[in-house]
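# Fold and geometry: a report
One-letter residues, chain by chain:
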Amino acid sequence: QKEVEQDPGPLSVPEGAIVSLNCTYSNSAFQYFMWYRQYSRKGPELLMYTYSSGNKEDGRFTAQVDKSSKYISLFIRDSQPSDSATYLCATNTGGFKTIFGAGTRLFVKA
Amino acid sequence: EAEVAQSPRYKITEKSQAVAFWCDPISGHATLYWYRQILGQGPELLVQFQDESVVDDSQLPKDRFSAERLKGVDSTLKIQPAELGDSAMYLCASSSTSGTGLSEQYFGPGTRLTVT
């Protein structure tokens, strides 16, 4: 079993839709939970991170962590074609190693 | 805006040949990471440096892969001999600190390796 599981998609939505991206993880020691966005032929860039459980909002993006169920979510409101990318969830114990999910490919149609 | 530089961007090599990738991290970043990203998968850490010292190379296939960061600045990742299964994107990232807490990793554009 992988430490971080993520549905690879692809996920296709119309412009303006609310997008929900999800991951599960197995190690209860993970404390930091990140979402990276990766455009085609580019390296990942950090979108948001949360520490422990709870919600964090940044503009159209909301990250949510439920440590009791080991579930990580990213919500995108009013999705735009420019949001089309691969979204990677990632976790870290607060130490050296970051574990990435497989990434979900998102397509937002104009 | 400071960026992580990598070269080459694309590399095609034949099986059994040697190949090398170069990374120049953001100035002042002590921690440097090399990741391998196979198509359709997330990045997997190959090796992590703190300054010039290796702090994690547990996933580096040491029979064919080597990495160095001699002066604690730029770094080279080498594969010799290359195998078909090495075809992937090789990503370099850097961060200003490591250890306790979270330090944002900044990724370079990657080197796309194709082994034929």
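Look a little higher up for the structure.
Okay, so let's go over this structure. (Residues numbered from 1 in each chain as written. Chains lettered and ligands numbered in written order. Predicted model: local features only at pLDDT ≥ 70, side-chain atom pairs only at ≥ 80, totals over all residues. Heavy atoms only, no water.)

### With respect to the pairing of strand β6 (residues 53–56) of chain B
All names here are of chain B. Going by this rule: For two strands to pair, DSSP has to find at least two bridges joining them. Think of it this way: any DSSP run of H or I at least four residues long counts as a helix, any run of E at least two long counts as a strand, and we number them from the N terminus.
Looking at chain direction, strand β5 (residues 44–50) and β6 are connected through three bridges and run antiparallel. Of the residues in β6, the one forming a bridge with Gln50 is Ser53. Taking the residues that link successive antiparallel strands as the turn, the β5-β6 hairpin has two residues, and the phi of Asp51 there is positive, at about 55°.

### Comments concerning the sheet that holds strand β3 (residues 19–24) of chain B
Residues and elements named next belong to chain B. Inclusion rule: With axes taken as lines fitted to C-alpha atoms, and helix axes fitted only over the stretch in contact, angles between N-to-C directions fall between 0 and 180 degrees.
Read across the open sheet, the four strands follow the order β1-β3-β8-β7; overall the sheet is antiparallel. Since the sheet does not close on itself, it has two edges, and those belong to β1 (5–7) and β7 (65–68), each with one partner. Across this sheet, the average inter-strand angle for adjacent strands is 15°, counted without regard to direction. Judged from the four bridges that link them, β7 and strand β8 (residues 75–79) form a sheet pairing that is antiparallel. Residue pairing in the sheet places Glu68 in a bridge with Thr76 of β8.

### Regarding the environment of Pro81 of chain A
Let me state the cut-off plainly: Contacts are assigned to residue pairs that have any heavy atoms within 4.5 Å of one another.
Examined against the element boundaries, Pro81 of chain A turns out to sit in the loop between β8 (71–76) and β9 (85–92). Those residues in contact with Pro81 of chain A that lie beyond four places of it in its chain are Glu15, Val108 and Ala110 of chain A.

### Remarks on the environment of Arg69 of chain B
All names here are of chain B. In plain terms, the rule: When a residue's accessible area, from a 1.4 Å probe over protein chains only, is under 20% of the maximum for its type it is buried; when over 50% it is exposed; and in between it is partly exposed. Polar contact is the term for a pair of N or O atoms within 3.5 Å; when the atoms are in protein, one must be able to donate a hydrogen and the other to accept it, and sequence-neighboring residues count only if both atoms are side-chain atoms.
As for its position among the elements, Arg69 is in the loop between β7 and β8. Residue Arg69 is classed as buried on the basis of its relative accessible area of 2%. Here the alpha-carbon distance between Arg69 and Val54, two residues 15 residues apart in the chain, equals 8.7 Å. Residues contacting Arg69, with those up to four places away along its chain left out, are Pro25, His29, Ala30, Thr31, Leu32, Phe49, Gln50, Asp51, Glu52, Asp74 and Ser75. A polar side-chain atom of Arg69 sits 2.6 Å from the main-chain carbonyl oxygen of Ala30.

### A closer look at the pairing of β9 of chain A
All names here are of chain A. Judged by how many residues are buried, β9 sits mostly within the fold: eight of eight residues are covered. On β9, burial covers both faces: Ala85, Tyr87, Cys89 and Thr91 on one face and Thr86, Leu88, Ala90 and Asn92 on the other are all buried. Of the pairings in the sheet, the one linking strand β4 (residues 32–38) to β9 comprises seven bridges and is antiparallel in character. Bridged to Gln38 within β9 is Thr86. Inspection of the sheet shows β9 paired to strand β11 (residues 104–109) by three bridges, in the antiparallel sense. Across the sheet, residue Ala85 finds its bridge partner in β11, namely Leu106.

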